[in-house]
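# Working through the structure, step by step
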Amino acid sequence: MADNMQRLVTSISAGLIAGIRTILGSAAMVTLVMPTTLNAGIAPALEVILIGGAVLAAVVAWLSTYPGAVAQVQDGPAVIIGVMATTLATSMAATARPELVILLVLACTNIAALIAGLVFYGLGVYRLGALVRFIPYPVIGGFLGGSGLLILVGAGPVLTGVPFGKLSLETLAAPMVAARWLPGLAFGISLVLILRRFSHALLVPGLLFGAVLLYHLGLVAFGISMPDAQAAGLLLGPFPDHTGGLNLPAWARLPAEGWGLLAAQAPTFAAIILVSVVALLLNASGLELATRGDLDINRELRATGLANMASGLLGGAVGFHALSASLLGFRMGANSRLIGLTAALMCLGALLAGTALLAYMPKAVLGGLLFSMGAGLIIEWLYDGWKKLPRQDYMIVALIVAVIGGAGILPGVTVGVAVAMAIFVLSYSRVRVIRQELSGAEYRSNVDRSLAAQELLKAKGDAIRVIKLEGFIFFGTAYSVLTQIQQMIARPGPQPLRHLLLDFRDVPAIDSSAMSAFAKIHMYCERNNCELIFTRMHEPIEAQFRQAGLDPASVHVTFYADLDIALEHCEEKLLAGNGDTQIRGDISIWDRIGAALPAGARLEAFMAYLEPRTYHEGEYLVRQGGPPTEIVFIESGRVTVRLTFPDGRSIRLRSMTMGTMIGEIGMYLNQPRSASAVADGTVQAFILTKEKLAEMEARDPQLANALHYAIVGLLSERLAGTNGLLQRLIN
C-alpha cells in the first residue's frame, strides 16, 4: 500500500514538473510562432499552443506503448510556422488587416496539426515506422542543427524587440535595446553551460523560476513598475481581457478569402510534416534506448496521429513525444500514465484560468530559453559533431545547416538528401559486385567424366569463365562488371574466352539503368565470338532483361535456371570442338583395375564376379534411401544423380558417364543411398553385389585389392579437384 502511494505521489510530481515545463515552453514557443510585428497575436497563439499541449499530452498518455510518455507542442514545427508568419506579415502588411494575418497563421497551425495527424496515423497503420532507418544520419543531424539555427534566429527578436532583418551593431549597442538582450543572452549562455554539465528533472524549471524571480527583483531595484515594463516590451503581456475563455478554432473562424491564402502555404505544410515525422521517430527511438525497452513505433505513430488530429480539430498545434519530459517518470522511479494526464490537466488549467499570469513572463527569460535550445542543437551537431562524425558526414551536416539558414528547411533537407545519395552512389559503385571469378579449368560441372576428358578441360578450361555476382546492381556497379569483362576478353589467358557465364543467384534486384551496361556486355561478347549465358536469375530480373531486349528470341544469349547445367553445356561444346580422337585413349575403370592387378592376373577373372545389366531412360539404377547392396560400373551412356527433398523438390548432384561408378561410398560405409541415380537414356552397366564382393575378398583377395586400389584412386582424384577449387574460392 505504501509503495503504491509512493508511486502515485511520484507520478503526480513528475506530471506537475512536466506540466510546468510545458507551460513555460509554450510561453517561449509563442514568441517563435508570432513575429514581433503581430504582437496582438501572442495571446491567441498561446491559447493554441496550450490547447495542443493539453490534447496531445492526454491522448498520447492514454494510447502510448510507454506509459510515462509526455507529448508537447514542439519547436521544430513552431519555427517553420514562425517563418511563414513573418513572411505573411511582411507581404500582407499593405493589403490585409493584422487580424486576418493572425487568424491565417493560427489556422495554418491547426490545419498543419490535422494533416500531420493523418500522415502519422497512415504511417502507423501501414507499419512504416522503420522509415527513419532509411534517413541518412548526417541528414538527420543537419536537420536538427538547422532547426537550432532557426530557433536562434527566432530568439533574436524576442531578446532585442527588433525584427531580425533590422538588427545591427548600432541597434544592439543602444542602451534600451542592450538592457533587453544582455540579461537574456547571459541567461541563455548560463543554461547552455549548466545543462552540458548537469542533468536533473528539476534543473530547467528551477533555473527558469529563479531567472524570472531575479528579473522581477531587478525591475524593482531599478524602480520600474509592471505597467512600465509591459509598455516598454520587457514582459510578454499585456494580453486582451478575453484570453481567459475559449474561442472557436481558428480554422472555423477563417473567412472565405483566407482559405485560398491557406492553400498557398502547401510548401509550409510539407516542411512541417517532414520535420515532425523525422523528429517523432527520432524521439521515440531515443526513448526506447534510454529506457532500454521495446516500443511499438507503429503504435506510437497511430497514437500521435490521433492526438494531432484531435489537436487540429480543437484548435491546437502540432506536437509529439518530448524526450526529456517522457523520461521524467523513468528517472524519478515512476512510470505511469498519470504523468502525461497530469501535465495535460495543468495545460488545461492554465488555459481555463486565463493567461494573465504568463503576461508577466520576462521576454529576456523566454529569449534566453530559446537561445539555449537553438545553441544546444548547434553545439551538438557543429561543435561536438566535429569530434564524433567522419569528415564526410560532418560536411553534409554543415552544408544542410547553411542551406537551411539561407533558404529554409525543405531546401536544406533536399540538398542534404541529394548530397548523401550522391556520396552513397559513389561509395557503393566502388563496392565489388563480383563475388567470384572462376575458370572452367578449375570450376567444373558435376559431371563425372573420363580421365582424358578431365585432362582436356584442365588444359583448355580457361575458355570458360564463371562470374558470380552479388548484391544490388545499378549503373555504377554494372559498369564495373563491364570494365572487368572487357579487360578479361582483351587480355585472355592461355585460351581465348569462348563461354562467359554470369551467375545472378545472389543478386536480389537490378536497377533499370544497369540494363545498358549488360547490353554492352552482350555486344562485346558477340563481337569477340564469346557465348554469353545468364544463370539462376530471379524471375523479376529475368523479366527486366527480356523487356530490355536481352532475350534469346532476339539476340544470341542463353538463360539457364541451373549453373551446373549451364557449365555442363559449355564443357560439352569445348570437348566436342576438340574431336573424339583426343579422348579416345581414355583410361576407364577397367583400365584402372587392370593396372592394379598383380602380374599374371587377368581382368576376365574380375569380370566374372560382375553381372551385366541394361537400364532404359528414366529407370533407376539406385534409389534414395535404398539399401547399399551393389556397386554399378557404367560401361556406356549417362546417369544423373538427383537428391530429393521432403517437400518433393529435387536437384541434380552429379551426371556420370562411361568409365565411372555409382554406389561405392554407400557400400563401404554400409549406409542407405543418399541420392537416386536415373538413366538419361540407354545405359550399359555391370553390377557388383555385396555378396559377390565378399566372395571375391575370400577367394581372390588380389582382385579385391585391385578394385579397392582403383576406387581409392578415383576418390583421391575427386578430392584433389575439390581441394583445388576450395583453395581457389578462398583466395
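First, a word on scope: everything that follows refers to the structure included in this document. (Residues numbered from 1 in each chain as written. Predicted model: local features only at pLDDT ≥ 70, side-chain atom pairs only at ≥ 80, totals over all residues. Heavy atoms only, no water.)

A separate point is the nonpolar core. Ranked by internal contacts, the top residues of the largest apolar core, which has 110 residues, are M34 and V105. Here the element with the most residues in this core is helix 4 (residues 98-125); it accounts for 15 residues. With residues near it in sequence (within four places) discarded, M34 still touches G41, I42, A45, I102, V105 and L106. By size, the runner-up hydrophobic cluster in this structure holds 33 residues, among which are L469, L497, F534 and V557. (Core = buried A, V, L, I, M, F, W, Y, C linked by side-chain atoms within 4.5 Å. Buried < 20%, exposed > 50% of the residue type's maximum accessible area, 1.4 Å probe, protein only. Helix = DSSP H or I, 4+ residues; strand = E, 2+ residues; numbered from the N terminus. Contact = heavy atoms within 4.5 Å.)

Relative placement of two packed helices is described by the angle separating their axes and the distance separating the axes. At a minimum axis separation of 9 Å, helix 21 (residues 475-490) and helix 22 (residues 515-527) run at an interaxial angle of 10°. By the angle class used here, helix 21 and helix 22 are roughly parallel. Residues A478, Y479, V481, L482, I485, Q486, I489 and A490 of helix 21 form the contact with helix 22, whose own contacting residues are S516, A517, F518, K520, I521, Y524 and C525. By residue class, the composition of the contact of helix 21 with helix 22 is 12 nonpolar, 2 polar and 1 charged. (Axes fitted to C-alpha atoms, helices over the stretch in contact; angles between N-to-C directions. Parallel < 35°, antiparallel > 145°, perpendicular 65-115°, else oblique. Nonpolar A, V, L, I, M, F, W, Y, C, P; charged D, E, K, R; others polar.)

The next point concerns helix 2 (residues 42-63). Spacing of three or four residues puts side chains on the same side of an α-helix, whose turn is 3.6 residues. Between its terminal C-alpha atoms helix 2 stretches 31 Å, which fits the 32 Å expected from 22 residues at 1.5 Å a residue. Most of helix 2 sits inside the fold, with 19 of its 22 residues counted as buried. (Expected span 1.5 Å × (residues − 1).)

Once that is clear, we can look at the sheet that holds strand 16 (residues 683-689). What holds strands together in a sheet is hydrogen bonding between their backbones, with the strands either parallel or antiparallel. Here 4 strands make up an open sheet; going across it, the order is 9-16-11-14 and the pairing antiparallel. Two strands lie at the open edges of the sheet, namely strand 9 (611-615) and strand 14 (661-662), each paired on one side alone. As judged from the 6 bridges shared by strand 11 (residues 630-636) and strand 16, these two strands associate in the antiparallel manner. In the sheet register, S636 faces strand 16, and the bridge partner there is Q684. (Pairing = 2+ DSSP bridges.)

Let us now look at the environment of T86. Examined against the element boundaries, T86 turns out to sit in helix 3 (residues 75-91). In the structure, T86 is positioned 48 residues away from L38 in sequence and 8.7 Å away in space, judged by C-alpha atoms.

Moving on, we get to the side chain of Q72. With respect to the helices, strands and loops of the structure, Q72 is situated in strand 1 (residues 71-73). Assessed through its relative accessible area of 13%, Q72 is described here as buried. If we ignore the near neighbours within four places in the chain, the residues touching Q72 are A18, T22, L56, V318, G319, F320, A322 and A325.

Counting across every chain of the model gives 0 disulfides. Cysteine C570 shares no disulfide, and the gap to the nearest cysteine sulfur, in C530, comes to 9.0 Å. Judged by its relative accessible area of 0%, C570 is buried. (Disulfide = S-S within 2.5 Å.)

This part covers empty space enclosed by the protein. For the coordinates displayed, the defined rule picks out 1 cavity of 30 Å³ or more. Of the voids in this model, the largest cavity is the one considered here, and its volume is about 70 Å³. Surrounding the largest cavity, 14 residues form its lining, V33, I49, I81, T109 and A317 being those nearest its centre. Only helix 1 (2-33), helix 2, helix 3 and helix 4 provide two or more residues apiece to the lining of the largest cavity. Considered class by class, the residues forming the lining of the largest cavity number 12 nonpolar, 2 polar and no charged. (1 Å grid on protein atoms, 1.4 Å probe; cavity = no way out; pocket = protein on both sides within 12 Å on 5 of 7 lines; lining within 4 Å. Points joined across faces, edges and corners; volume = space filled by probe spheres on them.)

Glancing now at the packing of aromatic side chains. With the rule as written, the count across this model stands at 9 aromatic pairs. A centroid spacing of 6.5 Å and a plane angle of 10° characterise the contact between F472 and F474, whose relative ring orientation is stacked. Among the residues examined, F472 registers a relative accessible area of 35% and is labelled partly exposed. The interplanar angle of 50° and the centroid separation of 5.7 Å between the aromatic rings of F504 and F518 together place this pair among those described as tilted. Here F504, found in strand 6 (residues 499-506), pairs with F518, found in helix 22; they are 14 residues apart in sequence, far enough to count as distant. There is no split in this pair, since F504 and F518 are both buried. An aromatic cluster is present here, built from F504, F518, F534, F545 and F559 joined pairwise through their rings. (Phe/Tyr/Trp six-rings, centres within 6.5 Å; stacked < 30°, edge-to-face > 60°.)

Now for helix 17 (residues 363-388). Its 26 residues place the ends of helix 17 35 Å apart at the C-alpha level, agreeing with the 38 Å of an ideal helix rising 1.5 Å per residue. Helix geometry: helix 17 is bent most strongly at I379, by close to 35°. (Bend = angle between axes of the 7 residues up to and from the residue.)

This paragraph deals with the packing of helix 8 (residues 203-221) against helix 17. Two numbers describe how helix 8 lies on helix 17: the axes approach to 9 Å, and their chain directions differ by 145°. As for how helix 8 packs across helix 17, the hand of that crossing is right-handed. Along its contact with helix 8, which presents L208, A211, V212 and Y215, the element helix 17 presents A364, V365 and L369. Grouping the amino acids of the contact of helix 8 with helix 17 by side-chain chemistry returns 7 nonpolar, no polar and no charged. (Left-handed = near helix turned anticlockwise from the far one by under 90°.)

Turning our attention to the sheet that holds strand 3 (residues 434-439). One open sheet accounts for 5 strands, arranged 3-5-6-7-8; its pairing is mixed. The open sheet terminates on both sides in strands that have one partner only, identified here as strand 3 and strand 8 (557-560). Mean inter-strand twist for the sheet, computed between neighbouring axes without regard to direction, equals 20°. Each of strand 5 (464-470), strand 6, strand 7 (531-535) and strand 8 touches helix 22; the most contacted strand, strand 6, lies at about 155° to it.

If you trace the backbone, T342 turns up in helix 16 (residues 337-353). Exposure remark for T342: the relative accessible area of 11% places this residue in the buried category. Sequence-distant contacts of T342, that is, excluding residues within four places in its chain, are made with I12, G15 and L16.

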